[in-house]
Amino acid sequence: MGRSETPSIEELRGPAFELLDEFRHDDVVSFVARWFFDRPSWITRLNLALSLAALAAVFVTAGLLRVPFLQALAQFGLGVIVMAVVVLPLHEALHAAAYRMTGARRIRWRILWKYVAAYVVAERFVAGARAFFFVALVPFVVITPALIALAVAFPRWGVLWLTVLLLHTAGVSGDWALMNYYWTHRGREIFTFDEAGQAYFYVRKR
């Protein structure tokens, strides 16, 4: 097998690779927190900076447009609802579409009741760094400019759309933490796959 090829799960469990990390899906928050807060890089710092910029945009927009406090509060509350009901499902659907574009076929939607969160998983699909970054970034790349465009096009509802932008930017921190995991281990060939509620990360032995 050439090094440019994606190994199978059986090959990952063979002598050429070693298990680097694993976690259960219902414990993903602990894994994400470690690679976002405990092992930060420019990736996680950029996410924090963008989140703070979105937060500032909410207040600046409300101030410039002289939005009354109760109206701004109502738009903020509506933004939370739009995020949960519309944007979150769209976010996961874009992950699913990106998985399909990279070749995954067994895509499953899951609900993590412990954290009241939904996610998609490509069962037994092996992804290297390039595929992983693509899947992780697609929702952010699609949704962010769309929300900014809505805020510009409909300034009277700017607080609403910028609130959704804030919540979405902060919400993708998990995706960015996992990208940070790959970045921290750059220079090594790492592959990941999900199986039976568990995520595995294998690295090619040196």
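How each quantity is defined
- Residues numbered from 1 in each chain as written.
- Predicted model: local features only at pLDDT ≥ 70, side-chain atom pairs only at ≥ 80, totals over all residues.
- Heavy atoms only, no water.
- Core = buried A, V, L, I, M, F, W, Y, C linked by side-chain atoms within 4.5 Å.
- Buried < 20%, exposed > 50% of the residue type's maximum accessible area, 1.4 Å probe, protein only.
- Helix = DSSP H or I, 4+ residues; strand = E, 2+ residues; numbered from the N terminus.
- Contact = heavy atoms within 4.5 Å.
- Pairing = 2+ DSSP bridges.

Grouped together as the largest cluster of nonpolar side chains are 31 residues, with contacts concentrated most on Y99, I107 and V164. Those elements that place two or more of their residues in this core are α3 (42–64), α4 (69–101), β3 (117–122), α5 (129–153) and α6 (158–171). When sequence neighbours within four positions are dropped, the list of residues in contact with I107 reads A96, Y99, R100, V120, V121 and A122. The next biggest cluster of nonpolar side chains, apart from the first, holds 20 residues, and it includes M179, Y181, Y182 and F201.

Once that is clear, we can look at the pairing of β3. Where strand β2 (residues 107–112) meets β3, six bridges bridge the pair, whose relative direction is antiparallel. Along β3, the bridge assignment pairs L112 with A117.

Before going further, it helps to examine unusual backbone geometry. Negative phi is the rule for most residues except glycine; trans is the rule for most peptide bonds. Phi at R124 takes a positive value of approximately 60 degrees, unusual for a residue other than glycine. Classification of R124 by relative accessible area gives partly exposed; the value is 33%. Of note in this structure, A196 is not a glycine but carries a positive phi near 50 degrees.

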